[in-house]
Each structure stands twice: as C-alpha cells, then as structure tokens.
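# Chains, contacts and geometry: an overview
For reference, the chains in residue letters:
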Amino acid sequence: CMSHSHTNLLYHIVFATKGRRPLMPRQHWERIHQYLGGLARGLGAIALQVGGVDNHIHTLNKIPPTMAISDFIGKLKSNSSTWMEQICPHFGWQEGYGAVSVSPSQVERTRRYIANQEEHHRKVSFAEEWAKLLKVMRKGED
C-alpha cells in the first residue's frame, strides 16, 4: 500500500540561461527564486532552497517519487520561461541540466552553498563550477 511508502528524494539541480548569458538582472533574483520555488511546490515538490546569479540557477528540491527528475526539471524550466520573458527580455533556458542526489546529512551545507551563490561566484566562474559538478557526477559512475 502506498500509504506505507516513505521517500526522501533530495536533488541539487543546476541549469543555465541560454548561452550562459547574464539574462537575469540582480534586481529580479529574489522574485525569480520565489517563483521557481512556487513552481516546484505546484509540481508536488518541496523547494528547500533556490538561488543563483545572472546566468544560472541552483535549486535543492525534495521530489515526489511519482515524478522522474527529468520530467520535474523539464516542467520547471518550461513553466518558468514565459514568466521569465516578461521580466527579462530575450530570456531562454539552455538545454540540459545537472542534478545530483543529496544525502540528508548534507542538506544544510547544500542550502548554504545555494544561498551564497553571489559570494561564491566572486571567486569561481560558472564554467569552473560546472566542470567541478560534472567531475563529481562522473565519480558516481565509476
């Protein structure tokens, strides 16, 4: 019986603007993050943290077991595009994404990392961050 099933499917998701261009002005970040969190809730997920800078987004979400991660991210991106175009001219999301599962013991650390994206990217470019994330994901394939 499904009422006796319990899951804790936590994902740190990263996706970028088209061409990784700075299409999200800083004055809109808080609204964008809130909007994406609301969309996640509308899809049955729990948005534990949303953050990012002008050219990419990080989210930490608890995803329902009935939804594939690719479907969740696809809906999050497609459902946000029209709204984003209203506040960010020429807006578009780049194809693809990065997603890694997060251990419950790492939730607070991941939340802090996502919340501090602006400070983090003063030291590390998105390209460097993305390369590091891909390296972490490939380790899981060994």
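All of the points below concern the structure found in this document. From a predicted model like this one, the values you see are computed outputs, not experimental measurements. (Residues numbered from 1 in each chain as written. Predicted model: local features only at pLDDT ≥ 70, side-chain atom pairs only at ≥ 80, totals over all residues. Heavy atoms only, no water.)

### Focus: the environment of His 33
- For His 33, the location among the structural elements is in helix α1 (residues 29-42).
- Judged by its relative accessible area of 16%, His 33 falls in the buried class.
- When the C-alpha atoms of His 33 and Ser 101 are compared, they prove to be 20 Å apart, with 68 residues separating the residues in sequence.
- Leave out the neighbours within four places in its chain, and His 33 touches Val 50, Gly 51, Gly 52 and Ile 57. (Helix = DSSP H or I, 4+ residues; strand = E, 2+ residues; numbered from the N terminus. Buried < 20%, exposed > 50% of the residue type's maximum accessible area, 1.4 Å probe, protein only. Contact = heavy atoms within 4.5 Å.)

### What about the pairing of strand β2 (residues 46-53)?
- Alignment of β2 against strand β3 (residues 56-63), held across seven bridges, turns out to be antiparallel. Paired with Ile 46 across the strands is Lys 62, a residue of β3.
- Adjacent in sequence and paired antiparallel, β2 and β3 are bridged by two residues. (Pairing = 2+ DSSP bridges.)

### What to know about the packing of α1 against helix α2 (residues 69-87)
- Close contact between α1 and α2 brings their axes to 10 Å; oriented N to C, the two are set at 140°. The angle between α1 and α2 places the two elements in the oblique class. For α1 against α2, the interelement crossing comes out right-handed. Along its contact with α1, which presents Arg 31, Ile 32, Tyr 35, Leu 36, Leu 39 and Ala 40, the element α2 presents Phe 72, Leu 76, Asn 79, Ser 80, Trp 83, Met 84 and Ile 87. (Axes fitted to C-alpha atoms, helices over the stretch in contact; angles between N-to-C directions. Parallel < 35°, antiparallel > 145°, perpendicular 65-115°, else oblique. Left-handed = near helix turned anticlockwise from the far one by under 90°.)

### Section: unusual backbone geometry
- Unusually for a residue other than glycine, Arg 20 sits at a positive phi of about 55°.
- As for its placement among the helices and strands, Arg 20 is situated in the loop between β1 (9-16) and α1.
- Looking at Arg 20, the relative accessible area reads 31%, which means it is partly exposed.
- Here the phi dihedral of His 90 falls at roughly 65°; this positive angle occurs in a residue that is not glycine.

### So, the layout of surface pockets
- In this model, the largest pocket occupies a volume close to 550 Å³.
- Surrounding the largest pocket, 17 residues form its lining, His 12, Arg 109, Tyr 113, Lys 132 and Leu 133 being those nearest its centre.
- For the lining of the largest pocket, the element with the highest residue contribution is helix α5 (residues 126-139), accounting for four residues.
- A breakdown of the residues in the lining of the largest pocket according to their chemical character gives seven nonpolar, seven polar and three charged. (1 Å grid on protein atoms, 1.4 Å probe; cavity = no way out; pocket = protein on both sides within 12 Å on 5 of 7 lines; lining within 4 Å. Points joined across faces, edges and corners; volume = space filled by probe spheres on them. Nonpolar A, V, L, I, M, F, W, Y, C, P; charged D, E, K, R; others polar.)

### Regarding the side chain of Gln 117
- Within the secondary structure, Gln 117 is located in helix α4 (residues 117-123).
- Residue Gln 117 is classed as buried on the basis of its relative accessible area, which comes to 0%.
- Side chain to side chain, Gln 117 and His 56 meet in a polar contact 3.3 Å long.
- A distance of 3.2 Å separates the side chain of Gln 117 from the backbone oxygen of Tyr 113, its partner in a polar contact.
- If sequence neighbours within four positions are ignored, Gln 117 has contacts with Gly 51, Gly 52, Val 53, His 56, His 58 and Glu 129. (Polar contact = N/O pair within 3.5 Å; in protein donor to acceptor, adjacent residues only side chain to side chain.)

### Regarding the packing of aromatic side chains
- Enumeration over the complete set of coordinates arrives at three aromatic pairs.
- Where Tyr 35 meets Trp 83, the ring centres are 4.0 Å apart and the plane angle is 10°; that geometry is what we call stacked. Of the two residues, Tyr 35 sits in helix α1 while Trp 83 sits in helix α2, which places them 48 residues apart along the sequence.
- Judged by relative accessible area, Trp 83 falls into the buried class, the value being 16%.
- Pairing Phe 91 with Trp 93 gives two aromatic rings, centres 4.7 Å apart and planes at 90°, and the pair type is edge-to-face. Each member of the pair, Phe 91 as well as Trp 93, is classed as buried. (Phe/Tyr/Trp six-rings, centres within 6.5 Å; stacked < 30°, edge-to-face > 60°.)

Fair warning: the whole summary comes from geometry, so function is off the table for now.
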